[in-house]
Amino acid sequence: MPQARIVLWLNLTLRSARGLCRAGFMEGQPHRSANAAAMKNGTVPCVEKRPPEAQETTVIEGAAKIAFPSANEVFYNPVQEFNRDLTCAVITEFARIQLGAKGIQIKVPGEKDVQKVVVDLSEQEEDNAELKEGADLAPGNQPRTATVGAICEEGLRVLEGLAASGLRSIRFAREIPGLRFVVANDASAQAVDLIRHNVQLNEVSHLVQPSQADARMLMYQHQRMSDRFEVIDLDPYGSPAPFLDAAVQAMSEGGLLCVTCTDMAVLAGNSGETCYSKYGAMALKSRACHEMALRIILHSLDLRANCYQRFIVPLLSISADFYVRVFVRVFTGQAKVKASASKQALVFQCVGCGTFHLQRLGKASGASGGRVKFSAACGPPVAPECEHCGQRHQLGGPLWVEPIHDLDFVGRVLEAVSTNPGRFHTSERIRGVLSVITEELLDVPLYYTLDQLSSTIHCSTPSLLQLRSALLHAGFRVSLSHACKNAVKTDAPASALWDIMRCWEKKCPVKRERLSETSPAFRILSVEPRLQANFTIRVDANPSSRQRGLKRFQANPEANWGPRPRARPGGKAAGKAMEERRRLLQNKRKELAEDPAQRAAWLKTFPCKRFKEGTCQQGDQCCYSHRPLTPEATAEAAPKDCPQTPNQNPPGPEATTGPGVD
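Let me sum up the structure you'll find in this document. (Residues numbered from 1 in each chain as written. Predicted model: local features only at pLDDT ≥ 70, side-chain atom pairs only at ≥ 80, totals over all residues. Heavy atoms only, no water.)

### With respect to the overall build of the protein
For the protein, the count of helices and strands is 24 helices and 19 strands. Buried positions account for 44% of the 662 residues belonging to the protein. Put simply, 68% of the contacts in the protein that link residues at least 6 apart link residues at least 24 apart. Of the roughly 35000 Å² of accessible surface on the protein, 52% is carried by carbon and sulfur atoms. (Helix = DSSP H or I, 4+ residues; strand = E, 2+ residues; numbered from the N terminus. Buried < 20%, exposed > 50% of the residue type's maximum accessible area, 1.4 Å probe, protein only. Contact = heavy atoms within 4.5 Å. Areas by Shrake-Rupley, 256 points an atom, 1.4 Å probe, with all protein chains shown as cover.)

See the structure below:
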C-alpha cells in the first residue's frame, strides 16, 4: 500500500512538472494558447470564455452608471432603489444641518437658489440675523458653498461598510454635496475590483476610495476621535448584528448611522431565540411585528452604544417591502446614558386576543434641585391571565418605546423631496411614506390591526373610518402607521377598544351557539360594553395623506421581487433555464387537479431528492421521478470548478487521499 501511494505521488509530480514546462515553453505564444495549455494541465485556474456582451450588464440608477457582472458574483437588488433614494435624501439634509452650523451652504441640483434656515431663531435674534444676512451679501464676504462632486474640506466623511458594486457610494458622490470623501469597502476581491471599475466609469475617483477589508476591523481602526466617520451606512445581506458594536465606536459625535436589516423572519417572531442571540431581545409573532422589528433594532443599537457611554437619537425608522431601515444619531454623555433603561420596555401579549401591555425596565422621576432620579420600575402591569379573554401572556422584548422618528427632521426631508420631485425616481413613494410618518402618534408604541380585532370575535369588519371615528368620538387619539395599511395606533386602553368592538358586534350579531365557552370571542362578547360607541363618520377621521391619495404602500415592483440570492464567487447568471426551473418548482406540492392520476403524473415530473442521494427506499412506488439525469442536465447542474492543481508535497503517513485522488 505505501508503494502504491509513492508511485501515485510520483505520477502526479511528473504530470505537474510537465505542465509547468509546457506553460513556460509557450510564454512566447499568444496569451490565449498559453491559457489553453495551462487549463489542460491544471496549473492555473480556468476561466470560462463568454461573449463580451454577456459578461456584464450596465444599470443606470439616479446619477450613477454601474456595470454589473452577469454572473451572481456581486450582490445587487433593483427593488431597493427606494432605500437608496431615501438614504441620499436623508444624508443631504443631515449635511445641510452639519455644514450649516459651520457657515457652509450646500447646493443640490434642481433646488431653487434660496437659503434654507437650519436652526430656529427666536424673536430677539431675528433682527440680528437680518443684519448678518445683509453683511454676508457684501462682495468680499460671500457665504461658502458646497456643490455636488466637489471635495469639501470640512465636509462629511462617509463609510459604506458593505459596498458590493459601489452603487450606493457612487450615488453619494454624484448626488450629495458637502462630502470630504466616501470609503466604499467590501471584503470580496471581486466586489472591490468592480468598485474600482465603476468609480472610474463615473469619474468620482477623487471622492470615492475603494477598500478591501473586514468592515468590523476597518471600523475598529477608526475609533480615534480624529479618524471617526460622520456617516456610516450598513446594508448587509441578512443581519447587521456583527457590525453594530464596531459601528457605534467609529461614529463621530452626533454622527449619522444608517442600518438596514433584511432578516425579517427573525425579527418578526419566527425564531425568538435567534432574535435574542443577535439583537438581545425576544421577538413575538404579532400583527405589529414590523414596528416591533424597528424597536428591537433601536434597542440593540442603544444597548451597544451604552457600553461606551454613548446613546442614540432616532431620526427616521422605516419598514418597507422585505426590510427595515433606521437612521439614528450617536452622541456621548454619561448622564443621558443613565436614562436608557427607562427607554426600554418588555411586552406582555395575550395569546388569545392579542392585547398587549408594556412594562418599562426603568423609571425616571424628578428630585429636589431639578435633578432626575432613576430607579427600577414596578410591575407587572397584567395578571397571570388576560382580563379580557382569560388566556395566558407571552413575554417579549425588551424593545425601544420612545419615539422612533424626529418629526422636525422628517419634515425637512419631506419638504426637500416635495420641492424637488425630479431628483429621485421614487420621489412619489418617499412623499407618501414620510407623510404618513408625520401623522403617526409618536408616543404610542405598537398598534392593533382592523382584521385582528374583527377576527378575534368572529364578526364582520368595520371600515377603517368607522373605527377611527368611534375612537375620536370617545375622546381618544388615533392614527395610521406606515408599517401596515390596516393599523390602528391609538392611546385608548384595550378595555375601551374591546367595548367599541362589542358595540359593533351588536349591529352585526355573531351566532353565539357556534362559539366555544372557552374561546376568546365568547368571553369578550359575554361582557356588556360600558362605553357606547358612536360610529358616525367624522371629517378628521380620514387623514390628510389618505385624502390626497399619496402613494404610501408600493405594489409589487417586478415579477419574483424580494430578497435576492447571496452573491457567490463564480456564480452563474439567472438565465432562462433558471427562471423556468423556478416557475416549475413553484407550488409543486399544491394539488392542481382533483384526479389522483393527474396528480401522480404531475409529481412524476419532479426529480426525487432522496434518489439523488441514494437513500430513497420507495423504488417504483415513489411519487417522484427516479429517472437519471441526462448528460446535458448533469453538466448544467454540476459545479463548473476548475481541476485542482496537484499537490507537490508527498502525502504523509496518515493521509489516505490527496488532491485529485479518489
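### Considering helix 6 (residues 167-175)
Burial runs high along helix 6: eight of the nine residues are buried. Buried residues of helix 6: Leu167, Arg168, Ser169, Ile170, Arg171, Phe172, Ala173 and Glu175, and no others.

### Brief notes about the nonpolar core
In this structure, Met219, Ile232, Leu257, Leu267, Ile296 and Leu301 are the most contacted members of the largest nonpolar core, which totals 90 residues. With sequence-adjacent residues up to four places away left out, isoleucine 296 is seen in contact with Leu267, Cys275, Tyr279, Ala281, Met282, Ala283 and Leu399. Grouped together as the second largest cluster of nonpolar side chains are 50 residues, Phe68, Cys88, Leu167 and Ile170 included. (Core = buried A, V, L, I, M, F, W, Y, C linked by side-chain atoms within 4.5 Å.)

### Points about the environment of phenylalanine 424
Tracing the backbone through its elements, the reader meets phenylalanine 424 in the loop between helix 14 (407-419) and helix 15 (427-439). Taking the relative accessible area as the measure of exposure, phenylalanine 424 reaches 6% and is therefore buried. Remark: the alpha-carbon pair of phenylalanine 424 and leucine 86, spanning 338 residues in sequence, is separated by 8.7 Å. Contacts of phenylalanine 424, omitting those with residues within four sequence positions, involve Asp85, Cys88, Ala89, Arg171, Glu175, Val417 and Ile430.

### Section: the sheet that holds strand 9 (residues 251-261)
Reading across the sheet, the seven strands line up as 7-6-5-8-9-11-10 and stay open at both edges, with mixed pairing between neighbours. The sheet terminates laterally at strand 7 (208-212) and strand 10 (310-320), the two strands that pair on one side only. With strand direction ignored, the average angle separating the axes of adjacent strands in the sheet is 20°. Pairing between strand 9 and strand 11 (residues 323-332): seven bridges, direction antiparallel. If you follow cysteine 258 over to strand 11, its bridge partner there is phenylalanine 327. With respect to the sheet, helix 6 is in contact with strand 5 (151-160), strand 6 (179-186), strand 7, strand 8 (229-234) and strand 11, its orientation differing from that of strand 6 by roughly 170°. Contacts between helix 9 (residues 241-249) and the sheet are confined to strand 8, strand 9, strand 10 and strand 11, with strand 9 contributing the most and set at about 160° to the helix. (Pairing = 2+ DSSP bridges. Axes fitted to C-alpha atoms, helices over the stretch in contact; angles between N-to-C directions.)

### Observations regarding the side chain of aspartate 235
Tracing the backbone shows aspartate 235 in the loop between strand 8 and helix 9. Within polar-contact distance, the side chain of aspartate 235 engages the side chain of arginine 168 at 2.5 Å. Here aspartate 235 is in contact with Gln80, Asn83, Leu162, Arg168 and Thr260, once residues within four sequence places are set aside. (Polar contact = N/O pair within 3.5 Å; in protein donor to acceptor, adjacent residues only side chain to side chain.)

### Thoughts on the packing of aromatic side chains
Inspection of every chain in the model, using the stated rule, returns four aromatic pairs. Their ring planes at 75° and their centres at 5.4 Å tell us that phenylalanine 322 and tyrosine 323 sit as a pair that is edge-to-face. Each member of the pair, phenylalanine 322 as well as tyrosine 323, carries the same accessibility label: buried. Centre to centre, the rings of phenylalanine 356 and tyrosine 448 are 4.7 Å apart; their planes meet at 25°, and the pair counts as stacked. Of this pair, phenylalanine 356 sits in strand 13 (residues 356-360) while tyrosine 448 sits in strand 17 (residues 448-449), and the two are 92 residues apart along the sequence. (Phe/Tyr/Trp six-rings, centres within 6.5 Å; stacked < 30°, edge-to-face > 60°.)

### Description of the packing of helix 14 against helix 15
To describe two helices that pack against each other, one gives the angle between their axes and the distance between the axes. Closest axis-to-axis distance for the helix 14/helix 15 pair is 10 Å, and the angle between their directions is 155°. With respect to helix 15, the axis of helix 14 lies roughly antiparallel. When you trace helix 14 past helix 15, the crossing you get is left-handed. Together, Leu407, Val410, Val413, Leu414, Val417 and Ser418 of helix 14 and Ser427, Ile430, Arg431, Leu434, Ser435, Ile437 and Thr438 of helix 15 make up the contact between the two elements. Along the lines of polarity and charge, the residues of the contact of helix 14 with helix 15 split into eight nonpolar, four polar and one charged. (Parallel < 35°, antiparallel > 145°, perpendicular 65-115°, else oblique. Left-handed = near helix turned anticlockwise from the far one by under 90°. Nonpolar A, V, L, I, M, F, W, Y, C, P; charged D, E, K, R; others polar.)

### Looking at the environment of threonine 536
Inspection of the secondary structure assignment puts threonine 536 in the loop between helix 19 (520-525) and helix 20 (544-547). Sequence-wise, threonine 536 and leucine 467 are 69 residues apart; in three dimensions their C-alpha atoms are separated by 9.4 Å. Excluding its chain neighbours within four sequence positions, the residues that come into contact with threonine 536 are Ser469 and His473. A polar contact is formed between the side chain of threonine 536 and the side chain of asparagine 534, at a distance of 2.8 Å.

### Brief notes about the packing of helix 4 (residues 81-100) against helix 6
Running from N to C, helix 4 and helix 6 cross one another at 40°; their axes reach a closest spacing of 11 Å. Comparing their axes, helix 6 and helix 4 come out oblique. Remark: the crossing between helix 4 and helix 6 carries right-handed chirality. Seen from helix 4, the contacting residues are Glu81, Asn83, Arg84, Asp85, Thr87, Cys88 and Ile91; seen from helix 6, they are Leu167, Arg168, Arg171, Phe172 and Glu175. Class assignment for the residues of the contact of helix 4 with helix 6 results in four nonpolar, two polar and six charged.

### What to know about the side chain of serine 286
Within the secondary structure, serine 286 is located in the loop between helix 11 (272-279) and helix 12 (289-306). Among the polar contacts listed, one links the side chain of serine 286 to the backbone nitrogen of alanine 288, at a separation of 3.1 Å. Within the structure, the side chain of serine 286 is placed 3.2 Å from the side chain of glutamine 349, a separation counted as a polar contact. Those residues in contact with serine 286, other than ones at most four positions away along the chain, are Met292 and Gln349.

### Quick notes on the pairing of strand 5
Within strand 5, seven of the ten residues are buried, leaving the element largely enclosed by the surrounding structure. Note: strand 5 against strand 6, six bridges, orientation parallel. Bridge assignment links arginine 157 to a residue of strand 6, and that residue is phenylalanine 181. Crossover handedness for the path strand 5 to helix 6 to strand 6: right-handed. Across three bridges, strand 5 lies against strand 8 in parallel orientation. By the bridge assignment, glutamate 160 is partnered in strand 8 with aspartate 233. (Right-handed = clockwise from strand over helix to strand, strands pointing away.)

### Looking at the state of the cysteines
Under the defined criterion, the tally for this structure stands at zero disulfides. With no disulfide partner, cysteine 459 has as its closest neighbouring cysteine sulfur the one in cysteine 508, 7.3 Å distant. A residue is classified by how much of its surface remains accessible, and cysteine 459, at 12% relative accessible area, is buried. Of the cysteine sulfurs around cysteine 623, a residue in no disulfide, the closest is that of cysteine 622, at 5.0 Å. A relative accessible area of 39% places cysteine 623 in the partly exposed class. (Disulfide = S-S within 2.5 Å.)

### Quick word on the sheet that holds strand 18 (residues 478-481)
The pairing of strands in a sheet happens through backbone hydrogen bonds and is either parallel or antiparallel. An order of 17-19-18 is seen for the three strands of this open sheet, with the pairing classed as antiparallel. Single-partner strands in this sheet number two, and they are strand 17 and strand 18. When strand 18 meets strand 19 (residues 484-490), the two strands line up antiparallel, connected through three bridges. Its bridge partner being in strand 19, serine 481 is matched across the sheet by cysteine 484.

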